[in-house]
Amino acid sequence: MINIDSLEKCCGCAACVNACPKQCITMYSDKKGFFYPLIDSSLCIHCNLCEKVCPLIHRAVKPIRPIMVEAVVSKSAEDVRLSSSGAVCHELSRYFIAKKGVVYGATWTDGLVVRHIRVTQNADLERIRCSKYLQSQIGDIFKVVKTDLLDKRNVLFIGTPCQVAGLKRYLRKDYENLITVDFVCHGVPSQAIFNRIIADIEKHNGSIVKEVNFRSKKENWRDFGTDYTLQSSKKQYIRHSKSIFSRGFMSNLYLRDCCHKCSFTNNRNNSDITVADLWGVEFVRPEIDDNTGMNLVLVRSQRGRELIEDCSFKFNRFEYDYQDALKYNPAIETPPTPHLLSNLYWKYLTRLPVKQGIMLALLGGRILRCLKK
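Each value, and the rule that gives it
- Residues numbered from 1 in each chain as written.
- Predicted model: local features only at pLDDT ≥ 70, side-chain atom pairs only at ≥ 80, totals over all residues.
- Heavy atoms only, no water.
- Phe/Tyr/Trp six-rings, centres within 6.5 Å; stacked < 30°, edge-to-face > 60°.
- Helix = DSSP H or I, 4+ residues; strand = E, 2+ residues; numbered from the N terminus.
- Lys NZ or Arg CZ within 6 Å of the ring centre and 35° of its normal.
- Core = buried A, V, L, I, M, F, W, Y, C linked by side-chain atoms within 4.5 Å.
- Buried < 20%, exposed > 50% of the residue type's maximum accessible area, 1.4 Å probe, protein only.
- Axes fitted to C-alpha atoms, helices over the stretch in contact; angles between N-to-C directions.
- Parallel < 35°, antiparallel > 145°, perpendicular 65-115°, else oblique.
- Contact = heavy atoms within 4.5 Å.

Caption draft 1: View of the packing of aromatic side chains. Tallied over the entire structure, the rule returns 16 aromatic pairs. Between the aromatic rings of Tyr-133 and Phe-214, the centroid separation amounts to 5.3 Å while the plane-to-plane angle is 35 degrees, which identifies the pairing as tilted. Residue Tyr-133 is located in the loop between strand E5 (113-119) and helix H5 (141-150), and its partner Phe-214 is located in strand E8 (residues 209-216); the two are separated by 81 residues in the primary sequence. Here the aromatic rings of Phe-194 and Phe-214 are separated by 5.7 Å at their centres, their planes lie at 55 degrees, and the arrangement is tilted. Residue Phe-194 is found in helix H7 (residues 191-205), and its partner Phe-214 is found in strand E8; the two are separated by 20 residues along the sequence. The structure contains a cluster of three or more aromatic residues connected by ring pairs, namely Trp-108, Tyr-133, Phe-194, Phe-214, Phe-245, Phe-249, Tyr-254, Tyr-345 and Trp-346. The cationic tip of Lys-146 hangs over the ring face of Tyr-170; the distance from NZ or CZ to the ring centre is 5.8 Å. Directly above the aromatic system of Phe-224 lies the positively charged group of Arg-215, at a separation of 4.3 Å from the ring centroid.

Structure representation (structure tokens):
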């Protein structure tokens, strides 16, 4: 029976939930808004499948450097405009759909909760386009993936590195008809804090928030912002640098505990392809940058290389140096360091109105850093 004796030992991938033959494991949300497994021991038959599929119990130890590193962007200016960066995941997904394959990715659902869904039509690909800076709930989607694989459907699964690792542990064997894509992850911020931010926006505007786009390119790619679409049809745009939620997130104030000791940084990913925003391209390769968005693509398997090659007609591709990519995106190899006041924030400052609590923590952190210097 799996035993979560420390919160940093669970990434919330739900592999254990999918693997349990007696369905005695469910996911519950703690007070911070993060999901963890809850076991009904009266139903448990002690098969230990939950332990066997846990990606944090069976951690990948040996780093494997990418076999190919490229700067990649879609040839479709419209798809680039609508996507968070260079539209690589969207183009790969569209290629799979055209080949009668199945795509799994994260979408917004009711209550502004992010969940993984199964997509078989181009029209539904819009639902899984763009970054969602919250943890996607897996539910029983790993079981559905396995059914598709056994039915000989070609499957593209897009998720965080820990979700990909959880899926592969759950499957317990390699499937040639499965391609996995993860992304360079900064960590998972708190759903509970996000919900409080949304409640503030709704109260201020007197209308419910229907949609959120964390990566709006209203100004440009590097100076992106968040678009909140209200039920009243009004929109509120907040630049990333001014967004209180984004500032707390990027300062690592309210990330999931396991993110600070991530098992899947430093090229211990278990995916075929890793994608990321190509930050720093304006300094390294200014001739290929137009500030509309570009992806870094790290190919980790021959299967991933073949997919990129098959989709070459959709992309503009450029060789890129791994060290140049790492310089401006250190999260490739290094997990996020906890904010200096993260524990104090959860213990005391969350009692304040949400904006004041975050601002006080960020201000206190800056003061402490200055004192240390």
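There's plenty left to go through after this.
Caption draft 2: Summary view of the nonpolar core. Membership of the largest hydrophobic core comes to 70 residues, with the highest contact counts inside it found for Phe-157, Phe-194, Val-212, Tyr-254, Tyr-345 and Ile-358. Per-element tally for this core: the top contributor is helix H6 (residues 161-171), with six residues. Of all hydrophobic cores here, the second largest spans 24 residues; its members include Val-119, Val-275, Leu-307 and Ile-308.

Caption draft 3: Summary view of the packing of helix H4 (residues 88-98) against helix H10 (residues 302-310). Here H4 crosses H10 at 85 degrees, and the two axes come no closer than 11 Å. When the axes of H4 and H10 are compared, the pair comes out roughly perpendicular. Taking contact as the criterion, the partners of Leu-92, Tyr-95 and Phe-96 in H4 are, on H10, Leu-307, Ile-308 and Asp-310.

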